[in-house]
Amino acid sequence: MNNDKIHVLTHPLIQHKISLMRDKNAGAKEFRELTSEVALLMTYEATRDLPLKKVQIETPVALAETNVITGRKVALIPILRAGLGMVDGAVSLIPAAKIGHIGICRSSDRDNHINANVDEYYCKLPFDIKERDVIVMDLMLASGNCASAAISKVKETGAMSIKFISVISCPEGINNLRDNHPDVEIYTGALDKGLNDDMYIIPGFGDGGDRIFGTK
Ligand code: URA
């Protein structure tokens, strides 16, 4: 595995908040708030390489030679539905970001067992996404099939600069993205053990969408 493009974010605040999210007794309100806070911190880490340019700004005291962000604007692309929980936190740091949505879910068979296929049911992306730095986000990187399909969809637009953020991940998902999208930088707050037979991350969070939206 090429680890250069995989960033496991060890900031104590991220680690602490993820631990609180793992607790099965955390209710939807708490889980949602923590998701947003972790997304903010992860966005901060994932944007460390935004280019700067020097400008002169007059302070009340003197002329300052100082830095502002330059270059391409940002597009945030949450994968529905759990990725939606990460948007507020990211937007609070990058208020001018445009936001696209990709609705994609894991397919299940007649016995409700999740299989390796994905169903895309919605896609609306900013018209100028090609000119933007794109951050695709999902709460969890499990098999990686949804994330990989979402990134392929973004690439179809011609977008070249793509990062992927997920609060927790596992080796199966990381390997999937590494194989299918070796150009994409991955930022995650935790690399868990792996997937169980129902394709849930162990130990994970359980169903991320249900936990954010209180649907279970
Ligand atoms: N999606 C979830 O909601 N939970 C998992 O553990 C894996 C994927």
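Here, the structure is the one placed above.
All values reported here derive from a predicted model rather than from experimental measurement.

Criteria and thresholds
- Residues numbered from 1 in each chain as written.
- Predicted model: local features only at pLDDT ≥ 70, side-chain atom pairs only at ≥ 80, totals over all residues.
- Near = placed C-beta within 6 Å.
- Nonpolar A, V, L, I, M, F, W, Y, C, P; charged D, E, K, R; others polar.
- Helix = DSSP H or I, 4+ residues; strand = E, 2+ residues; numbered from the N terminus.
- Expected span 1.5 Å × (residues − 1).
- Buried ≥ 20, exposed ≤ 12 C-beta atoms within 10 Å, placed from the backbone.
- Contact = placed C-beta atoms within 7 Å.
- Arc of directions from axis to C-beta.
- Core = buried A, V, L, I, M, F, W, Y, C linked by C-beta atoms within 7 Å.

J.: Please clarify how the site of the ligand should be interpreted in this entry.
T.: Around the ligand, a shell composed of A82, M140, A142, Y200, I201, G204, D207, G208 and G209 is seen. Across the shell around the ligand, the residue classes break down as 5 nonpolar, 3 polar and 1 charged.

J.: How should helix α2 (residues 28–46) be read in this particular structure?
T.: Because an α-helix packs 3.6 residues into every turn, residues spaced three or four apart end up facing the same way. Compared with the 27 Å implied by 1.5 Å per residue over 19 residues, the 26 Å span of α2 between its first and last C-alpha is a close match. Residues of α2 that are buried: F31, L34, T35, V38, A39, M42, T43 and A46. Buried-residue contacts for α2 involve α1 (12–22), α3 (87–93), β8 (133–141), β9 (162–169), β10 (185–191) and α6 (208–213).

J.: Please clarify how helix α5 (residues 171–180) should be interpreted in this entry.
T.: Those residues of α5 not exposed but buried are G173, I174 and L177. The buried residues of α5 occupy an angular sector of 100° when projected down its axis, which confines them to one face.

J.: Would you take a moment to explain the environment of D192 for this structure?
T.: By secondary structure assignment, the location of D192 is in the loop between β10 and β11 (194–195). Residues D192 and E172, 20 residues apart in the sequence, show an inter-C-alpha distance of 10.0 Å. Those residues in contact with D192 that lie beyond four places of it in its chain are I168, S169, C170, I201, I202, P203 and G204.

J.: Teacher, can you tell me more about the nonpolar core here?
T.: The nonpolar side chains of a soluble globular protein tend to be buried, and buried together. Formed by 50 residues in total, the largest nonpolar core has its most connected members in I77, I135 and V136. No other element matches the 7 residues that β8 contributes to this core.

J.: Whenever I open this one, unusual backbone geometry confuses me. Can you help?
T.: Each neighbour pair has its own omega, and for L80 with R81 the value is 0°, a cis peptide bond. Secondary-structure assignment places R81 in the loop between β4 (74–80) and α3. Between I202 and the following residue, P203, the backbone shows a cis peptide bond with an omega angle of -5°. Summarising the element assignment, P203 is placed in the loop between β12 (201–202) and α6. Even without a glycine there, the phi angle at M199 is positive, about 70°. Examined against the element boundaries, M199 turns out to sit in the loop between β11 and β12. For M199, a count of 16 C-beta atoms within 10 Å gives the class partly exposed.

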